[in-house]
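# Observations on the three-dimensional arrangement
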Amino acid sequence: MSSQSNKKRILSGMRPTGPLHLGHLVGALENWKQLQEEYHCFFMVADWHALMSEYERPQVLRQYAVDNVIDWLSVGISPEKSTIFVQSQVKEHLELHMVLSCITPLGWLERCPTYKEQLRELKERDVSNYAFLGYPVLQAADILVYKAHKVPVGEDQLPHLELTREIVRKFNGLYKEVFPEPEALLTRSSRLLGLDGRKMSKSYGNNISLSEEPQAIRKKVSAMFTDPLRVKRSDAGHPEKCNVLSYYAVFAPERKKEVEGLCRGAGIGCTDCKKELSEILIRFLEPIQEKRKELSADKKRISAILEQGREKASSAAAATMSEVKAALKI
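Notes on the structure in this doc start here. Along each chain, residues carry numbers from 1 onward, in the same order as the chain's sequence is written. Only residues with pLDDT of 70 or above have their local features reported here, since the model is predicted, and side-chain atom pairs are shown and tallied only from 80 upward, although totals for entire chains, interfaces and linings are computed over all residues. Working from all heavy atoms in the structure, the side-chain values ignore hydrogens and water.

## Considerations on the pattern of salt bridges
Whenever Lys or Arg places a side-chain nitrogen within 4 Å of a carboxyl oxygen from Asp or Glu, that contact is recorded as a salt bridge. Within the structure shown, the criterion is met by 27 salt bridges. Between Arg165 and Glu181 there is a salt bridge whose closest N-O contact spans 3.2 Å. Taken as a pair, Arg165 in helix α9 (residues 158-174) and Glu181 in the loop between α9 and β5 (183-186) lie far apart in primary sequence, 16 residues in all. Any residue under 20% of the maximum accessible area for its type is buried, any over 50% is exposed, and the rest in between are partly exposed; the area is computed with a 1.4 Å probe on protein chains only. The exposure class assigned to Glu181 is partly exposed, which follows from its relative accessible area of 32%. Salt bridges sharing partners connect three or more residues here, namely Lys91, Glu92, Glu95 and Lys325. Comment: elements are numbered from the N terminus, with helices defined as DSSP H or I runs of at least four residues and strands as E runs of at least two.

Structure, rendered in structure tokens:
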């Protein structure tokens, strides 16, 4: 663990609002696995962030927090290589959030382009509240309390990170240079659309979870949207217009080219193509689900991992807050 002290730090997290799905795996977790080999990674269960939209049913957050961590471990996130913890168990997040809230102008928050987008995406939840408007400030506190050097983000999240950098400049200018300006570590966006061709989202119900039962996978894949121009089995297909082929590209790239050719030549029908994809996904998830079963049966181990992570995260965060309070002279 001593070697981690020489590595640059990264902070990333997920909100525990439901089971993790293939989009999380492709879009974030596979990237986390690589990052933990090179950086000192702080991977956070962002339950305070989740509370902003789930405040009417907070009881689900603890359940999903543990379930999500089990998923992380099952796909290869290592507690030996990374610090895995629950945001609300490290009090310094809210302490720093309070400080940063005092110096962040409302105009900075209101102009954030992702704010209105999130309001639309979460329209089934009432998130017209003070906390949700201030979401980027808490996000800044999450990053800065660990003095993270880099933050893995997609291009759509760059405005949030730039706001963090603006807050850093304002704090350092007003008081004392405490925080580094975190840099974006651009990650590839998930190549997976939802099963219905829209953005993959738990709220749309168009995903396959990492814990999905085989029969449920077969049922969901059988209903996937395919080539709208292919009416009959004997019609030539247009695989570039078919969402199913994008799943082959991710989970069976060696088979993708052959399936593409068969589709164009009417050598395979959409039903058979989706049946084959179902079995590919079931085989792909099998080792992950075996690991999930093993971990789910050992809740003491999960608790120990989270306690170890809490201690490490708290130590780093407390050191930062000591510097912050010294700079503020409080």
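## Looking at the pairing of strand β4 (residues 150-153)
Residues of β4 alternate between two faces, with Lys150 and Pro152 on one and Val151 and Val153 on the opposite face, all of them buried. Relative to β5, β4 runs parallel, the two being bridged by four bridges. Bridged to Val153 within β5 is Leu186. With the strands pointing away from the viewer, any crossover whose connection runs clockwise from the first strand over the helix to the second is right-handed. In this fold, the crossover linking β4 to β5 by way of α9 has right-handed handedness. A pair of strands is considered paired only if DSSP assigns at least 2 bridges between the two.

## Considerations on the pairing of strand β3 (residues 82-86)
Burial analysis of β3 places five of its five residues in the buried class, which makes it a mostly covered element. Of the two faces of β3, the one lined by Ser82, Ile84 and Val86 and the one lined by Thr83 and Phe85 are each fully buried. One ladder, built from five bridges, connects strand β2 (residues 40-45) with β3; its direction is parallel. Paired with Cys41 across the two strands is Ser82, which belongs to β3.

## Describing the nonpolar core
Counting 53 residues, the largest nonpolar core has Leu22, Leu29, Trp72, Tyr247, Tyr248 and Phe251 as its most contacted members. No other element matches helix α13 (residues 270-296), which puts eight residues into this core. The contact criterion used throughout is that any non-hydrogen atoms of two residues lie within 4.5 Å. Those residues in contact with Trp72 that sit more than four places away from it in its chain are Met14, Leu20, Leu29, Trp32, Phe43, Met44, Val45, Ile77 and Ile84. Only buried Ala, Val, Leu, Ile, Met, Phe, Trp, Tyr and Cys residues count toward a nonpolar core, and they belong to the same one when joined by side-chain atoms within 4.5 Å. By size, the runner-up hydrophobic cluster in this structure holds 36 residues, among which are Trp108, Tyr146, Ala148 and Phe179.

## Digging into the side chain of Gln139
Here Gln139 shows up in helix α8 (residues 135-144). Judged by relative accessible area, which is 19%, Gln139 ranks as buried. Here a polar contact is recorded for every N or O atom pair within 3.5 Å, except that within protein the pair must consist of a potential hydrogen donor and a potential acceptor, and residues adjacent in sequence are included only if both atoms are side-chain atoms. Separated by 3.0 Å, the side chains of Gln139 and His160 make a polar contact. The residues touching Gln139, leaving out its near neighbours within four places in the chain, are His49 and His160.

## Section: unusual backbone geometry
You will see that Ala266, though not glycine, has its phi angle at about 60 degrees, which is positive. The topology assignment puts Ala266 in the loop between α12 (253-264) and α13. Judged by its relative accessible area of 17%, Ala266 is buried. For Lys329, which is not glycine, the phi dihedral falls at a positive 60 degrees. The topology assignment puts Lys329 in the segment after α14 (299-328).

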